[in-house]
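Here are the chains, one letter per residue:
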Amino acid sequence: RRAYEQALGEGREINDRRQIAESSSGLGLVVFQQGDLASARRFIEEGLNISREMNDKFNVAASLNSLGD
């Protein structure tokens, strides 16, 4: 969790959209595993929205799959 949080913070700092999307989605999966469903949805949706903006079809599909879970 700490690694994803750190990567997300660094991505936000330098406005690296890909890093934000991937870190946010990864963090969403971790907090989902920890039982925090509301935070998981928020993080995964953030990653999904950025992935859509970037037309990153693989990560859009992965995020949608995670939300389905």
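Below is a short write-up of the structure.

Let us now look at the packing of helix H3 (residues 37-53) against helix H4 (residues 57-68). Their axes nearest at 9 Å, the elements H3 and H4 cross at an angle of 155 degrees. When the interaxial angle is binned, H3 and H4 end up roughly antiparallel. Crossing handedness for the pair H3 and H4: left-handed. On the side of H3, the interface is formed by Arg41, Ile44, Glu45, Gly47, Leu48, Ser51 and Arg52, while H4 contributes Asn59, Val60, Ser63, Leu64, Ser66 and Leu67. A class-by-class count of the residues in the contact of H3 with H4 yields 5 nonpolar, 5 polar and 3 charged.

The next subject is helix H2 (residues 17-33). Along its 17 residues, H2 runs 24 Å from first to last C-alpha, staying within 8% of the 24 Å computed at 1.5 Å per residue. Ile20, Ala21, Ser23, Ser24, Ser25, Gly26, Leu27, Gly28 and Val31 are the residues of H2 that are buried. Where H2 is buried, its residues touch helix H1 (2-14), H3 and H4. The N-terminus of H2 is capped by Asp16, whose side-chain oxygen sits 3.2 Å from the backbone nitrogen of Arg18. Once H2 finishes, Gly35 follows within two positions and takes phi at roughly 90 degrees, a positive value.

By the element assignment, Ser23 lies in helix H2. At a separation of 2.8 Å, a polar atom in the side chain of Ser23 contacts the main-chain carbonyl oxygen of Gln19.

For the rest of this paragraph, the subject is the nonpolar core. Side chains of nonpolar character tend, in soluble globular proteins, to be buried together. Leu8, Ile20, Ala21, Leu27, Val31, Ala40, Phe43 and Ile50 form the largest nonpolar core, which has 8 residues in total. Listing elements by their share of this core, those giving two or more residues are H2 and H3. A total of 4 residues in this core trace back to one element, the largest contributor, which is H2.

Axis separation between H2 and H3 bottoms out at 7 Å; the angle between their running directions is 155 degrees. Classified by the interaxial angle, the pair formed by H2 and H3 is roughly antiparallel. Relative to H3, H2 is oriented so that their crossing is left-handed. Residues Arg17, Ile20, Ala21, Ser24, Ser25, Leu27, Gly28, Leu29, Val31 and Phe32 of H2 touch H3, and the partners they reach there are Leu37, Ser39, Ala40, Phe43, Ile44, Glu46, Gly47, Leu48, Ile50, Ser51 and Glu53. Across the contact of H2 with H3, the residue classes tally to 12 nonpolar, 6 polar and 3 charged.

About the thresholds
Residues numbered from 1 in each chain as written. Predicted model: local features only at pLDDT ≥ 70, side-chain atom pairs only at ≥ 80, totals over all residues. Heavy atoms only, no water. Axes fitted to C-alpha atoms, helices over the stretch in contact; angles between N-to-C directions. Helix = DSSP H or I, 4+ residues; strand = E, 2+ residues; numbered from the N terminus. Parallel < 35°, antiparallel > 145°, perpendicular 65-115°, else oblique. Left-handed = near helix turned anticlockwise from the far one by under 90°. Contact = heavy atoms within 4.5 Å. Nonpolar A, V, L, I, M, F, W, Y, C, P; charged D, E, K, R; others polar. Expected span 1.5 Å × (residues − 1). Buried < 20%, exposed > 50% of the residue type's maximum accessible area, 1.4 Å probe, protein only. Polar contact = N/O pair within 3.5 Å; in protein donor to acceptor, adjacent residues only side chain to side chain. Core = buried A, V, L, I, M, F, W, Y, C linked by side-chain atoms within 4.5 Å.

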